[in-house]
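What follows is each chain in one-letter form.
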Amino acid sequence: MGGRVVVVGSFNVDHVWRCQALPQPGETVSGAYATGPGGKGFNQAIAAQRAGASTSFLCALGEDAGAQLARSLAEADGLDLRDRRSHAPTGSAGIYVDAQGRNSIVIGPGANDDLDPEWIADSATLLASASVVLAQLEVPASTVLAALRAARDGGATTVLNPAPANVACDAQLLALADVLTPNETEFAALARVHLSETFQADAVESLPGAQLHALCRALLPAGSVVLTLGAAGSFVSHAPDRAHGDDAPWYRVPAERVATVDTTGAGDAFNGALAASWATRAQAFAEHVRFAGRFAALSTESHGAAAAMPRRAEVEARFPG
Ligand code: ADP
């Protein structure tokens, strides 16, 4: 199988300052500066491409140095980047990280907000011919809706990463997801909004499996949920008649033990690798999840987001069998 992955989403230029303490209002501090590519869409597209799937990335970029950075990085990885030109600046994020690893982030969506459903409609043929279409919520919800609809109409599998957690994911969008991939924070937000269930994000990992499964079934009755739990791995829940080759309707997949230095983008690595594995290998769902976990684990051994994505061969060499 050599199926294509299409990722619809954001590109941001990340500006990161590492400082001793986060600046208070009115305060000026100095910190070590670094810049690099980011945005959940771009990170996931690079992950999918490096995980071995021919990948297209639909995004919106400005007419500036950030756009040139996106195009040159995509080219270096053989990623098929197709951008809607915007008069707004290319998306950017200002990130402060303190000595304890806590952060404060401001995102300037800029061009990402101009990725509109009409432009996506021009790519309906590409979306419909994909094996997997993967989207997140850093671009307008109406665009994600249009992309997932076009994918469904063409018979592609849809994967929705409902991130970031502070962006609403409505019932219409959920209904278009074949696979939903929240982390703990996103899962808690979805349960609060859609199921009126309240629990803390850090309590999710220790909820009994049967209870997690019931929550997942209520959230996405016809699809699969892959809940990512950081260093605790992931939890999978399938609809009764759609186990995608798995024996169990729900199960946990432990994380690989690695020498983690930076978990930024681990979720993006996981999503891109899951989509790529699904598009290129005929195997049980649990095997795709295992590969995605290995790929994401390895991404935490390097600093950065897109730049830290490993390649399939590295993952296979590190975790044989
Ligand atoms: P997010 O970045 O969206 O918060 P997670 O932190 O849940 O996502 O990470 C996604 C996946 O990456 C996890 O399900 C796990 O497989 C892997 N992962 C994350 N952190 C670690 C870690 N410290 N060690 C090993 N694997 C990890």
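Criteria and cut-off values
- Residues numbered from 1 in each chain as written.
- Predicted model: local features only at pLDDT ≥ 70, side-chain atom pairs only at ≥ 80, totals over all residues.
- Heavy atoms only, no water.
- Axes fitted to C-alpha atoms, helices over the stretch in contact; angles between N-to-C directions.
- Helix = DSSP H or I, 4+ residues; strand = E, 2+ residues; numbered from the N terminus.
- Left-handed = near helix turned anticlockwise from the far one by under 90°.
- Contact = heavy atoms within 4.5 Å.
- Nonpolar A, V, L, I, M, F, W, Y, C, P; charged D, E, K, R; others polar.
- Pairing = 2+ DSSP bridges.
- Salt bridge = Lys/Arg side-chain N within 4 Å of Asp/Glu carboxyl O.
- Buried < 20%, exposed > 50% of the residue type's maximum accessible area, 1.4 Å probe, protein only.
- Patch = residues over 30% accessible without salt bridge, like charges linked within 9 Å, V, L, I, M, F, W, Y side chains within 5 Å.
- Areas by Shrake-Rupley, 256 points an atom, 1.4 Å probe, with all protein chains shown as cover.
- Near = heavy atom within 4 Å.
- Polar contact = N/O pair within 3.5 Å; in protein donor to acceptor, adjacent residues only side chain to side chain.

Participant: Explain the packing of helix α9 (residues 266-280) against helix α10 (residues 285-299) here, please?
Facilitator: Helices that pack against each other are described as a pair by the angle of their axes relative to one another and the distance between those axes. Contact pair α9 / α10: the axes reach a minimum separation of 8 Å and the direction vectors enclose 145°. Where α9 crosses over α10, the handedness of that crossing is right-handed. Residues Ala266, Ala269, Phe270, Ala273, Leu274, Ser277 and Trp278 of α9 pack against Phe285, His288, Val289, Phe291, Ala292, Gly293, Phe295, Ala296 and Ser299 of α10. Grouping the constituent residues of the contact of α9 with α10 by class yields twelve nonpolar, four polar and no charged.

Participant: What is the right way to look at the pairing of strand β5 (residues 80-85) in this model?
Facilitator: The two faces of a sheet get side chains in turn, since along a regular strand they alternate between them. Sheet analysis places strand β4 (residues 55-61) next to β5, joined by six bridges and oriented parallel. The partner of Ala60 across the bridge, within β5, is Arg84.

Participant: Could you clarify how one ought to interpret the pattern of salt bridges in this entry?
Facilitator: Where charged atoms of side chains with opposite charge meet at close range, the side chains can pair. Taken as a whole, this structure holds 13 salt bridges when the rule is applied. Taking the shortest distance from any N to any O, the salt bridge between Asp77 and Arg50 comes out at 2.9 Å. Within this pair, whereas Asp77 is found in helix α2 (residues 65-77), its partner Arg50 is found in helix α1 (residues 40-50), the two being separated by 27 residues in sequence. For Asp77, a relative accessible area of 14% corresponds to the buried category. The closest approach of N and O atoms between Asp83 and Arg71, which form a salt bridge, is 3.0 Å. One end of the pair, Asp83, is in strand β5; the other, Arg71, is in helix α2, with twelve residues separating them in the sequence. Each member of the salt-bridge network shares a partner with another, and the members are Arg50, Asp77 and Arg311.

Participant: Can you help me understand a nonpolar patch on the surface in this one?
Facilitator: Together, Trp17, Tyr33 and Tyr96 make up an exposed nonpolar region whose accessible area comes to about 300 Å². Position of Tyr96 among the secondary structure elements: in strand β6 (residues 92-97).

Participant: How should the site of the ligand be read in this particular structure?
Facilitator: Taken together, 16 residues are adjacent to the ligand, and Asn183, Thr228, Gly230, Gly233 and Gly267 come closest. The side chain of Asn183 places a nitrogen or oxygen atom 3.1 Å from an oxygen atom of the ligand. Side-chain polar atom of Thr260 to a nitrogen atom of the ligand: 3.3 Å apart, as the coordinates give it. Mapped by element, the contributors of at least two residues to the shell around the ligand are α9 and α10. Tallied by class, the residues present in the shell around the ligand amount to eight nonpolar, seven polar and one charged.

Participant: When you look at the sheet that holds strand β3 (residues 32-38) in this model, what are you seeing that I'm missing?
Facilitator: Paired through their backbone hydrogen bonds, the strands of a sheet run either parallel or antiparallel. In spatial order, the strands read β3-β2-β6-β7; together these four strands make up an open sheet with mixed pairing. A single partner strand is all that each edge strand has here, and the edge strands are β3 and β7 (103-108). Geometrically, the sheet is characterised by an average inter-axis angle of 15° between neighbouring strands, direction not taken into account.

Functional significance is not addressed by these values, which are geometric in nature.
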